[in-house]
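Here's the letter readout for the chains.
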Amino acid sequence: MSATIIDGKAFAAKVRGQVAEHVARLKGDHGITPGLAVVLVGEDPASQVYVRSKGKMTVEVGMNSYEHKLSADTSEDDLLSLINQLNNDPGVHGILVQLPLPKHLNEDLVINSIDPAKDVDGFHISNVGLLGTGQKAMVPCTPLGCLMMLRDHHGSLSGMNAVVIGRSNIVGKPMAQLLLGDSCTVTIAHSRTKDLPAVVRGADIVVAAVGRPQMVPGDWIKPGATVIDVGINRIDAPEKGEGKTRLVGDVDFDSAVQVAGAITPVPGGVGPMTIACLLANTVTACCRANGLAEPEGLTA
Ligand code: GUN
């Protein structure tokens, strides 16, 4: 039997549509236009692509997009001063500092200088603590996107066994908190986990976020389980011609699709949900800043 393919591209388009509707209501009923500021330091080509894409989609849903491109040798003081200015700008509801930062800048210091209420990445220590204690937080975009897809597919996640492979601050840890918040029994597995195949075989939900191409084979998957593949890895694809490459996830899709009940593909699964959730977080931040009702279904 072959799994249901969870279409992240279509789902992300639906989320962006809901965001656009909410933005139109904020403008029409309250005269407020949500604004997202993205700060890019340096010329990393992948980061430039992400930032361009974020800016384009921000405008497409009707929000204001502010891009701040700083040179790679920008001083920490200058970056902190820009963040302070954005923190105090009432037209800016969300602030995102694109990572990674150049080596001479202290990432933790920079992230923690963002007003937590505008921290649409959910990386500020206050938001990490709020999420960990089940309080209203800004939630990291990729795990939020995974949670939305899981809720959409299953309805309630209550009582399900979930295994998150990977313990990063950006995906693994917040993903585990969100699943716990939805009453899953959660295991965080990592490189030192003993008998990882057995751990994964016990899971009704598997979230793979390790950054190792095709690491999880189909025979680790419990029949009927839901598999969310966060990995985006570029590998050689000689079958496409010399020097060609292709994108694969952390899960071996071809074998896992035979066993799973549902699975996200790579590309076209989790990836498109990240920016959609960034836009959703910006609307949420704007509503909270103005004491207005939050968009339903777009928060954790
Ligand atoms: N770099 C790669 N992904 C992300 C992300 O989600 N947020 C930020 N700020 N930087 C990133």
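The residue count restarts for each chain, going from 1 along the sequence in the order it is written. Under the rules for a predicted model, residues below a pLDDT of 70 receive no local features and side-chain atom pairs below 80 are neither given nor counted, while totals for whole chains, interfaces and linings still include all residues. The side-chain numbers reported here are obtained from all heavy atoms of the structure, hydrogens and water having been left aside.

### Here we look at the overall build of the protein
Okay, so step 1: Helix and strand content of the protein: ten helices and eleven strands.
Okay, so step 2: Radius of gyration: over C-alpha atoms. The globule rule applied is 2.2 Å multiplied by the number of residues raised to the 0.38 power. The globule rule puts the C-alpha radius of gyration for 300 residues at 19 Å, and the 19 Å found for the protein is close to it.
Okay, so step 3: Taken along its principal axes, the extent of the C-alpha atoms in the protein is 55 × 45 × 35 Å.
Okay, so step 4: The rule is simple: take the accessible area with a 1.4 Å probe, protein chains only, and divide by the maximum for that residue type; under 20% is buried, over 50% is exposed, in between is partly exposed. Looking at the 300 residues of the protein, the share that counts as buried comes to 47%.
Okay, so step 5: Only the protein chains shown count as cover for residues, with accessible areas throughout obtained via the Shrake-Rupley method and a probe of 1.4 Å. Total accessible area on the protein stands at roughly 13,800 Å², and carbon and sulfur atoms take up 51% of it.
Okay, so step 6: Within the protein, the 31 negative side-chain charges are centred at a point lying 3 Å from the centre of the 25 positive side-chain charges. The numbering of helices and of strands both runs from the N terminus, where a helix is a DSSP run of H or I of at least 4 residues and a strand a run of E of at least 2. In this tally Asp and Glu are treated as negative and Lys and Arg as positive; neither His nor the chain ends contributes. Throughout, a charge is located at the NZ atom of Lys, the CZ atom of Arg, the CG atom of Asp or the CD atom of Glu.

### Let's talk about the site of the ligand
Okay, so step 1: The nearness test applies per residue and asks whether one of its heavy atoms lies within 4 Å of the molecule or strand. Surrounding the ligand, one finds Leu 96, Val 97, Gln 98, Leu 99, Asp 121 and Phe 123.
Okay, so step 2: What qualifies as a polar contact is a pair of N or O atoms within 3.5 Å, subject to a donor-acceptor requirement within protein and to the restriction that residues adjacent in sequence count only when both atoms come from side chains. Between Gln 98 and the ligand, the recorded distance is 3.1 Å, taken from a side-chain N or O atom to a nitrogen atom.
Okay, so step 3: Within the backbone of Leu 99, a nitrogen or oxygen atom sits 2.8 Å from a nitrogen atom of the ligand.
Okay, so step 4: Contact with the protein chains hides 76% of the accessible area of the ligand, taken as 270 Å² for the molecule alone.
Okay, so step 5: Among the cavities detected, the one that contains the ligand is the largest pocket. Here a cavity denotes grid points, spaced 1 Å and computed from the protein atoms alone, that fit a 1.4 Å probe unable to get out, and a pocket denotes an open set having protein on both sides within 12 Å along at least 5 of 7 lines; residues with an atom within 4 Å of a point are the lining. Assignment to a cavity or pocket requires that more than half of a molecule's atoms be within 2 Å of the site's grid points.

### Considering the pairing of strand 6 (residues 185-189)
Okay, so step 1: The sheet contact formed by strand 5 (residues 161-165) and strand 6 spans five bridges and is parallel. Looking across to strand 6, one finds that Val 163 is bridged to Thr 187.
Okay, so step 2: Note on the crossover from strand 5 through helix 7 (residues 172-181) to strand 6: the handedness is right-handed. Two strands are said to pair when DSSP picks up at least two bridges between them. By the criterion used throughout, a crossover qualifies as right-handed when its path from the first strand across the helix to the second strand runs clockwise, the strands pointing away from the viewer.

### Description of the layout of surface pockets
Okay, so step 1: Grid points are joined across faces, edges and corners, and a volume is the space filled by probe spheres set on the points. In this structure, the largest pocket spans a volume of roughly 1,200 Å³.
Okay, so step 2: Lining the largest pocket are 34 residues, with Tyr 50, Gln 98, Thr 142, Ile 232 and Thr 274 positioned closest to its centre.
Okay, so step 3: Within the residue set of the lining of the largest pocket, elements represented by two or more residues are helix 2 (45-60), strand 4 (94-97), helix 6 (141-154) and helix 10 (271-289).
Okay, so step 4: Looking at which element gives the most residues to the lining of the largest pocket, the answer is helix 2, with seven residues.
Okay, so step 5: Among the residues making up the lining of the largest pocket, the classes are represented as 21 nonpolar, nine polar and four charged.
Okay, so step 6: Within this model, the second largest pocket holds a volume of roughly 400 Å³.
Okay, so step 7: Looking at the second largest pocket, it is lined by 19 residues, and the ones nearest its centre are Gly 122, Phe 123, Val 128, Asn 169 and Ile 170.
Okay, so step 8: In this count, Pro and Cys sit with the nonpolar residues alongside Ala, Val, Leu, Ile, Met, Phe, Trp and Tyr, while Asp, Glu, Lys and Arg are called charged and the others, Gly among them, polar. The residue inventory of the lining of the second largest pocket, partitioned by class, reads ten nonpolar, six polar and three charged.

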